[in-house]
Amino acid sequence: MDGSKYSLPNTPDMIKEFGGQDNQFGCKPMALGSCLYDVYQGLVLDAKIAHYNSSERDLAFEHLQHTSENDLILYDRGYSAFWLALAHIIAKRNFCMRIRSNFNKQTAAFEKSSKRDAVITLNPNAEMIAQAKEKGLSIQAVKVRLLKVKTTKGEYLLMTTLLDKTHYPRKDFADLYHLRWQIEEAYKTQKCRFEVENFSGESILSVQQDYHACMLNHVLTAISCYYAQGYINQRVSKRKRAYKINFSKAISSVKDILVNVLNDYLMDLDIRQCLQTISKNLTPIRTGRSFERIKVRCRRPMLRKGYRYA
């Protein structure tokens, strides 16, 4: 689970509904989006768009109802909270989240110690207990595992409910936590490829419709890539590198048939032809690559051309 900010059309209704970011020119309308994302299949399992000042933890709590028992959920360090950890324990969900050393006295002591792997029972203070009760959670023991994990970015402090050190050795957690980066790539795809912020109208309903239409399109494209992958596995079996489908090209192909699919105009043969078309656009899988993250601001019109000049 993770969240991201979205720029909205600059209208009073947007500011009233979603709030925004204050600057020297006034208030820039923005919203907070949150996703429950399958990092293996590339599927958006649940998505919400909410007020800019909404809590990512509260949205994550709502996402939990769309998970199953024993699911493992990855979090960045902004999600660490006793009540959220307790919610996972009660719902029988596992989590692995990055935390700051000052989460509480126990984590601070662990960070300063020579230990690299320890199982503890969290000692909540009065404020933590009050927050849990406010969420309607029954207070019980929260046993977690603390780990120090080395990555290319430095040493991370992780907290997880995967307590068994035999089944879940510490050396595996660096790769596990790295999987969380897939949702960051998904947000980049939604903003730069699907152009989710390029809304078709200025109304609140338009924003909500466009946002969820983008998520639907993302899911349908990911599903199409999954099935189209079968067309290429044998074709590239003798090549030195493994190959996957070019997702940007797949987006274009799926968009061409999306309206007809939703209106049930296509026969199975046409869908197979679409999958074969998608499978022709390949890109090699290059493992072990790492680049410095550079934030580039994309300056696109906030409304589509046809709408702005109609």
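Here the residue numbering is sequential within each chain, running from 1 through the sequence in written order. Restriction of local features to residues with pLDDT of at least 70 applies here, the model being predicted, together with a cutoff of 80 or more for giving and counting side-chain atom pairs; totals for whole chains, interfaces and linings are based on all residues. Side-chain numbers here rest on the full set of heavy atoms in the structure, without hydrogens or water.

Student: I'd love a proper account of the pattern of salt bridges, names of residues and values included.
Tutor: The salt bridge criterion pairs a side-chain nitrogen of Lys or Arg with a carboxyl oxygen of Asp or Glu, the two atoms within 4 Å. The full count for this structure, using the stated rule, is 11 salt bridges. Close ionic contact of Asp46 with Lys48 constitutes a salt bridge, the shortest N to O distance being 3.8 Å. Across the pair, Lys48 and Asp46 agree in class, each one buried. Where Asp76 meets Arg180, a salt bridge forms, and the shortest distance between an N and an O atom there is 3.8 Å. One end of the pair, Asp76, is in the loop between strand 5 (72-75) and helix 3 (82-91); the other, Arg180, is in the loop between helix 6 (173-178) and helix 7 (181-192), and 104 residues separate them in sequence. Each residue is assigned to one of three classes by its accessible area relative to the maximum for its type, calculated with a 1.4 Å probe on protein chains only: buried under 20%, partly exposed between the two thresholds, exposed over 50%. Strands here are runs of E lasting at least two residues and helices are runs of H or I lasting at least four, both read from the DSSP assignment and numbered beginning at the N terminus.

Student: Quick rundown of the sheet that holds strand 5? Include the residues and the values.
Tutor: In short, DSSP must find at least two bridges between two strands for them to pair. If you trace the five strands from one edge of the open sheet to the other, you get 5-6-9-8-7, paired in mixed fashion. Each of the sheet's edge strands pairs with one partner strand only, and the pair in question is strand 5 and strand 7 (117-121). Strand-to-strand twist across the sheet, computed as the mean angle between neighbouring axes with direction ignored, equals 20 degrees. Of the strand pairs in this sheet, strand 6 (residues 94-98) and strand 9 (residues 154-160) are connected by three bridges, and their pairing is antiparallel. Axis geometry follows a simple rule: fit a line to the C-alpha atoms, using only the stretch in contact for helices, then measure angles between N-to-C directions, giving values from 0 to 180 degrees.

Student: Explain helix 3 to me, using residue names and the numbers behind them.
Tutor: Where burial is concerned, most of helix 3 is hidden: seven out of the 10 residues are buried. Throughout, a contact is declared for two residues whenever any of their heavy atoms are within 4.5 Å. Looking at the packing, one finds that the buried side of helix 3 touches helix 2 (56-63), strand 5, strand 6 and helix 5 (126-134).

Student: Can you tell me about the packing of helix 2 against helix 3, naming the residues and giving the values?
Tutor: At a minimum axis separation of 11 Å, helix 2 and helix 3 run at an interaxial angle of 5 degrees. What the angle tells us is that helix 2 and helix 3 run roughly parallel. The segment helix 2 lies against helix 3, with Arg57, Asp58 and Phe61 engaging Trp83, Leu84 and Ala87. Partitioning the contact of helix 2 with helix 3 into residue classes produces four nonpolar, no polar and two charged. Here the angle decides the label: under 35 degrees means roughly parallel, over 145 means roughly antiparallel, 65 to 115 means roughly perpendicular, and every other value means oblique. Classification convention: Asp, Glu, Lys, Arg as charged; Ala, Val, Leu, Ile, Met, Phe, Trp, Tyr, Cys, Pro as nonpolar; all other residues, Gly among them, as polar.

Student: A description of the environment of Arg98 should follow, citing residues and the corresponding values.
Tutor: Note on placement: Arg98 falls in strand 6. Here the alpha-carbon distance between Arg98 and Leu147, two residues 49 residues apart in the chain, equals 9.6 Å. Here Arg98 is in contact with Tyr75, Asp76, Arg77, Ser80, Tyr156, Leu157, Leu158 and Tyr177, once residues within four sequence places are set aside.

Student: Give a detailed account of the pairing of strand 1 (residues 2-7), specifying residues and quantitative values.
Tutor: The buried fraction of strand 1 amounts to five of the six residues, a majority that puts the element mostly inside the structure. As judged from the six bridges shared by strand 1 and strand 3 (residues 26-38), these two strands associate in the antiparallel manner. Along strand 3, the bridge assignment pairs Ser7 with Met30.

Student: Account for the side chain of Arg145, naming residues and giving values.
Tutor: For Arg145, the location among the structural elements is in strand 8 (residues 143-151). Under the rule applied, a polar contact is a pair of N or O atoms within 3.5 Å (in protein, one hydrogen donor and one hydrogen acceptor; residues adjacent in sequence only if both atoms are side-chain atoms). A polar contact is formed between the side chain of Arg145 and the backbone oxygen of Tyr168, at a distance of 2.8 Å.

Student: Tell me about unusual backbone geometry, and please be specific about residues and values.
Tutor: The backbone phi angle of Asn70 is positive, close to 75 degrees, even though this residue is not glycine. Among the secondary structure elements, Asn70 is positioned in the loop between helix 2 and strand 5. A relative accessible area of 55% means that Asn70 is categorised as exposed.

Student: Tell me about the nonpolar core, and name the residues and values.
Tutor: Grouped burial of nonpolar side chains is what soluble globular proteins tend to show. We call a set of buried Ala, Val, Leu, Ile, Met, Phe, Trp, Tyr and Cys residues a nonpolar core when their side-chain atoms join them within 4.5 Å. By size, the foremost hydrophobic cluster in this structure holds 30 residues, and its most contacted members are Tyr75, Leu122, Val144 and Met159. Secondary-structure elements contributing two or more residues to this core are strand 5, helix 3, strand 6, strand 7, helix 5, strand 8 and strand 9. For this core, the leading source of residues is helix 3, giving six residues. With sequence-adjacent residues up to four places away left out, Val144 is seen in contact with Phe95, Ala118, Val119, Ile120, Leu122, Met159, Thr160 and Leu163. Listed in part, the 24 residues of the second largest apolar core include Met14, Val44, Val207 and Ile251.

Student: Which residues make up the pairing of strand 9, and what are the values?
Tutor: The buried fraction of strand 9 is high, at five of seven residues. With seven bridges joining them, strand 8 and strand 9 adopt antiparallel strand pairing. Considered in strand 9, the bridge of Thr151 is made with Gly154. Taking the residues that link successive antiparallel strands as the turn, the strand 8-strand 9 hairpin has two residues.

Student: I'd like a description of the environment of Pro29, backed by residues and values.
Tutor: As for its position among the elements, Pro29 is in strand 3. On the basis of relative accessible area, Pro29 is assigned to the buried category, the value being 2%.

Student: Explain a nonpolar patch on the surface to me, using residue names and the numbers behind them.
Tutor: Taken together, the side chains of Ile223, Tyr226 and Tyr227 make up a nonpolar region of the molecular surface, amounting to roughly 340 Å² of accessible area. Relative to the helices and strands, Ile223 is located in helix 8 (residues 204-233). Ile223 sits in the partly exposed class, given a relative accessible area of 34%. For patch building, the residue pool is restricted to those with more than 30% relative accessible area and no salt bridge; the joining distance is 9 Å between like charges and 5 Å between nonpolar side chains (Val, Leu, Ile, Met, Phe, Trp, Tyr). Here the accessible surface of atoms and residues is derived via Shrake-Rupley with a 1.4 Å probe, and residues count as covered only by protein chains that are part of the display.

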